Amino acid sequence: MPCLVMGIVNVTPDSFSDGGLFLAADAAIAHGLELRAHGADLLDVGGESTRPGAERVDPAVEQGRVLPVVEALASSGAIVSIDTMNASTAVAAVEAGARIVNDVSGGLADPAMLAAVAGTDAEIVVQHWRGHSADMYAQATYDDIVSDVVGELARRVEAAVTAGIPPERVIVDPGIGFGKKGAQNWAVLHGLPRLAALGHRVLVGTSRKRFLVETLETRGGEASIPRRDLATAVTSVLAAQAGAWGVRVHDVAATVDALDVAAQWESGSTWTS
Ligand code: PMM
């Protein structure tokens with residue numbers, strides 16, 4: 001089963017990785033189309049940064065940023081997901097053509113989210129989350145991190161299904177970097193098969209994240225964007241091998257190449273002369 005690549009289209013002035021470059025809708029649309037040309041299977045459009053310390057954005061501002069981008073990319077034929085914690089933005093984005101609601105809070109930030117998604121035919125990504133970005137590391141204490149993340153996600157899936165979302169429309173995500181520091185992220189990634197055993201599709205987002213920067217810096221030198229993208233391509237292949245259905249990345253071209261190479265390696269098992 002091939003792993004899907006979700007390309008990131010951030011429409012925020014303060015995203016740590018693209019610094020507001022794609023704030024203008026036209027630039028965001030062009031960026032999304034470019035990611036599609038690089039082989040993205042899905043495009044994830046977001047208008048609120050979730051980087052550590054980020055402030056919340058008013059839903060009206062968020063919608064002003066994302067809706068024109070969702071509409072243009074969906075009408076170009078792309079499968080679009082909307083990265084939002086607000087039910088009103090999720091519903092408006094689905095009306096504008098989004099097919100997946102990607103809620104990093106797993107329905108916890110907005111109590112209206114799960115019922116709102118249940119009222120559409122969209123799929124939902126429920127991510128592991130313990131609190132908003134402003135204080136997300138305050139909650140980074142776990143007994144057994146893999147069991148805790150899997151158990152907490154199972155309860156979010158249950159909440160989604162209770163709200164009326166069919167289970168086959170629920171995708172789970174371990175929330176790399178969300179309320180997790182350094183080595184905790186590696187523990188969660190290593191435990192991915194246990195998350196996949198829940199029986200839902202698994203999405204994994206490691207792209208350019210802090211824990212990769214820390215790993216790259218142990219060898220010295222700047223953890224530049226190209227180095228982070230190479231590290232992301234590696235973690236994305238390993239996530240795919242551990243059962244991920246999809247990976248969420250900035251540099252789609254590098255990850256698509258890496259997944260293609262890994263797939264060729266796998267195809268060696270069926271070679272006959
Ligand atoms: N990470 C970020 C934002 N949205 N959504 C999902 N499902 N999974 C993630 O890991 C995730 C996400 C933060 O990264 P960004 O600011 O670079 O987009």
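Right, let's walk through the structure included here. (Residues numbered from 1 in each chain as written. Predicted model: local features only at pLDDT ≥ 70, side-chain atom pairs only at ≥ 80, totals over all residues. Heavy atoms only, no water.)

### Section: the overall build of the protein
So, point 1. A tally of regular secondary structure across the protein gives ten helices and eight strands.
So, point 2. In terms of overall dimensions, the protein is globule-like: its C-alpha atoms have a radius of gyration of 18 Å, near the 19 Å expected for 273 residues.
So, point 3. If one aligns the C-alpha atoms of the protein with their principal axes, the spans along those axes are about 55 × 45 × 45 Å.
So, point 4. Going through the 273 residues of the protein one by one, you find that 53% of them count as buried.
So, point 5. Intrachain contacts of the protein at a sequence separation of at least 6 include 66% that bridge at least 24 residues. (Helix = DSSP H or I, 4+ residues; strand = E, 2+ residues; numbered from the N terminus. Rg over C-alpha atoms; globule rule 2.2 N^0.38 Å. Buried < 20%, exposed > 50% of the residue type's maximum accessible area, 1.4 Å probe, protein only. Contact = heavy atoms within 4.5 Å.)

### Regarding the site of the ligand
So, point 1. Neighbouring residues of the ligand: 16 residues in total, closest D83, N102, D173, K209 and R248.
So, point 2. In the model, a nitrogen atom of the ligand is placed 2.7 Å from a nitrogen or oxygen of the D173 side chain.
So, point 3. When the ligand is considered free in solution it has 420 Å² of accessible area, and contact with the protein chains removes 97% of it.
So, point 4. Taken together, the residues of the shell around the ligand sort by class into five nonpolar, seven polar and four charged. (Near = heavy atom within 4 Å. Polar contact = N/O pair within 3.5 Å; in protein donor to acceptor, adjacent residues only side chain to side chain. Areas by Shrake-Rupley, 256 points an atom, 1.4 Å probe, with all protein chains shown as cover. Nonpolar A, V, L, I, M, F, W, Y, C, P; charged D, E, K, R; others polar.)

### A word on the pattern of salt bridges
So, point 1. Scanning the model with the defined rule gives eight salt bridges in all.
So, point 2. A salt bridge links E48 to R56, with the nearest nitrogen and oxygen atoms 2.5 Å apart.
So, point 3. Note on E48: relative accessible area 9%, which makes it buried.
So, point 4. Under the relative-accessibility criterion, R56 is labelled partly exposed at 39%.
So, point 5. With its nearest N and O atoms 3.2 Å apart, the salt bridge here joins R248 to D83. Highlighted residues: R248 in strand β8 (residues 246-249) and D83 in strand β3 (residues 80-83), separated in sequence by 165 residues. (Salt bridge = Lys/Arg side-chain N within 4 Å of Asp/Glu carboxyl O.)

### Examining the pairing of β3
So, point 1. Every second residue of β3 is oriented toward a common face, with V80 and I82 on one face and S81 and D83 on the other, all of them buried.
So, point 2. In the classification by handedness, the crossover that spans strand β2 (residues 42-46), the intervening helix α2 (residues 59-75) and the parallel β3 is right-handed.
So, point 3. The pairing of β3 with strand β4 (residues 100-103) spans three bridges and is parallel. Bridge pairing in β4 links D83 to N102. (Right-handed = clockwise from strand over helix to strand, strands pointing away. Pairing = 2+ DSSP bridges.)

### Quick word on helix α8 (residues 210-217)
So, point 1. Along α8, the residues that are buried comprise F211, L212, V213 and L216.
So, point 2. Residues of α8 that are buried sit in contact with α6 (182-190) and α9 (225-241).

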